Amino acid sequence: MKHGKKYRASLAKYDATKAYDIEKACELVKELHYVKFDETVELSVTLKLEKNQTVRDTLVFPHQFTAEKRVLVFCKEERVKEALDAGATFAGSTEYLDKVKGGWLDFDVAVATPDMMKDVGRLGMVLGRKGLMPNPKTGTVTTDIAGAVAELKKGRTEFRADKTGVVHIPVGKVSMDAAKTAENVSTFLAELQRKKPVDAKAGFVRSVSISSSMGPGVWIDFKEAE
């Protein structure tokens, strides 16, 4: 891939082969920013996973950086008011099942009560493709509608390893103070280690890098907790 002059100029500002501590890496990402819009800062973590292992969960960062999420709750009619009072943007059953089936996806995250999953599951081709399918592992299939919506409105973020064992997750914006981004990174890495499969081998975290959406990557010097 051929990069432009501004990208190459950014590369010249630091040692791309060196690994930096978390806060210094976050400062470098700000310094290397060269486009006019406020880029998202993204973390990429390569994990050592066996074929039968996966990592998937959610967390709430200490410092928020995204717009408030539009939450759709699939629930029976008697719980619609509860969902809307809790802060859901949309709530209902048949109406929204039909809308989504027709291609409507004007929301950021979906929550479903367990008694709705038989019907919601039929939307797998639509919701699954967009990563919007409610899942018990991420707390989006639950009887606690108010609790789930409150966490999502606070910015609860899902993370999961892809087929190659890499976790990609946004951790901030270039405009954020580097110390706040660094705290988000540290929070995520600590949570990732807590979700380490019990039978994972040594060297679970192979590498960690951080970059802005358009900028070059910076390696992070990260040592796993014993």
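For the structure, see preceding data.
1. Considerations on the pairing of strand β9 (residues 205–212)
Okay, step 1: Of all 8 residues making up β9, 6 are buried, and the element is well covered by its neighbours.
Okay, step 2: Here 7 bridges tie strand β2 (residues 40–47) to β9, and the two strands are oriented antiparallel to one another. Looking across to β9, one finds that Leu47 is bridged to Val205.
Okay, step 3: Hairpin connection from β9 to strand β10 (residues 218–220): 5 residues lie between these consecutive antiparallel strands.

2. Topic: the sheet that holds strand β6 (residues 109–112)
Okay, step 1: If you trace the 3 strands from one edge of the open sheet to the other, you get β5-β4-β6, paired in parallel fashion. Only two strands of the sheet have a single partner each, and these edge strands are β5 (90–92) and β6. The sheet shows a mean angle of 15° between the axes of neighbouring strands, taken without regard to direction.
Okay, step 2: Relative to β5, strand β4 (residues 71–74) runs parallel, the two being bridged by 3 bridges. Each bridged residue has a counterpart across the sheet, and for Leu72 the counterpart in β5 is Phe90.
Okay, step 3: Across the sheet, helix α4 (residues 94–101) lies against β4 and β5, angled at about 120° from β4, the strand it touches most.
Okay, step 4: The strands touched by helix α7 (residues 145–153) are β4 and β6; relative to β4, the strand with the most contacts, the crossing angle is about 165°.

3. Concerning α7
Okay, step 1: Those residues of α7 lying buried are Ile145, Ala148, Val149 and Leu152. The arc that holds the buried residues of α7, viewed along the axis, is 95°, so those residues lie on one side.
Okay, step 2: Along its buried surface, α7 packs onto β4, α3 (80–85) and β6.
Okay, step 3: Of the residues one or two after α7, Gly155 is the one with positive phi, at around 110°.

4. Overview of the sheet that holds strand β8 (residues 166–173)
Okay, step 1: In space, the 5 strands of this open sheet follow the order β1-β10-β9-β2-β8, with mixed pairing throughout. For this open sheet the edge positions go to β1 (19–20) and β8, each flanked by a neighbour on one side alone.
Okay, step 2: Contacting β1, β2, β9 and β10, helix α2 (residues 22–32) crosses the sheet at an angle of about 170° to β10.
Okay, step 3: Sheet contacts for helix α8 (residues 178–194): β2, β8, β9 and β10; angle to β2, the most-contacted strand, approximately 25°.

5. Observations concerning the packing of aromatic side chains
Aromatic rings in a pair are described by how distant their centres are and how their planes are angled relative to each other.
Okay, step 1: Evaluation of the coordinates by the stated rule reveals 6 aromatic pairs.
Okay, step 2: Plain terms: the ring middles of Phe61 and Phe65 are 5.9 Å apart, the flat faces sit at 50° to each other, and that makes the pair tilted.
Okay, step 3: Judged by relative accessible area, Phe61 falls into the buried class, the value being 2%.
Okay, step 4: Residue classification places Phe65 among the buried residues on the basis of a relative accessible area of 13%.
Okay, step 5: An aromatic cluster of at least three residues, connected via ring pairs, comprises Phe90, Tyr96, Trp104 and Phe107.
Okay, step 6: Directly above the ring of Trp104 sits Lys99, whose terminal nitrogen or CZ lies 4.2 Å from the centroid.

6. Considering the pattern of salt bridges
Okay, step 1: One pass over the structure, following the stated rule, counts 12 salt bridges.
Okay, step 2: Between Lys195 and Glu191 there is a salt bridge whose closest N-O contact spans 2.6 Å.
Okay, step 3: Take Lys195: its relative accessible area is 28%, and that puts it in the partly exposed class.
Okay, step 4: Given the relative accessible area of 12%, Glu191 is considered buried.
Okay, step 5: With its nearest N and O atoms 2.8 Å apart, the salt bridge here joins Lys223 to Asp221.
Okay, step 6: The exposure class of Asp221 is partly exposed, given its relative accessible area of 41%.

What counts and what doesn't
Residues numbered from 1 in each chain as written. Predicted model: local features only at pLDDT ≥ 70, side-chain atom pairs only at ≥ 80, totals over all residues. Heavy atoms only, no water. Buried < 20%, exposed > 50% of the residue type's maximum accessible area, 1.4 Å probe, protein only. Helix = DSSP H or I, 4+ residues; strand = E, 2+ residues; numbered from the N terminus. Pairing = 2+ DSSP bridges. Axes fitted to C-alpha atoms, helices over the stretch in contact; angles between N-to-C directions. Contact = heavy atoms within 4.5 Å. Arc of directions from axis to C-beta. Phe/Tyr/Trp six-rings, centres within 6.5 Å; stacked < 30°, edge-to-face > 60°. Lys NZ or Arg CZ within 6 Å of the ring centre and 35° of its normal. Salt bridge = Lys/Arg side-chain N within 4 Å of Asp/Glu carboxyl O.

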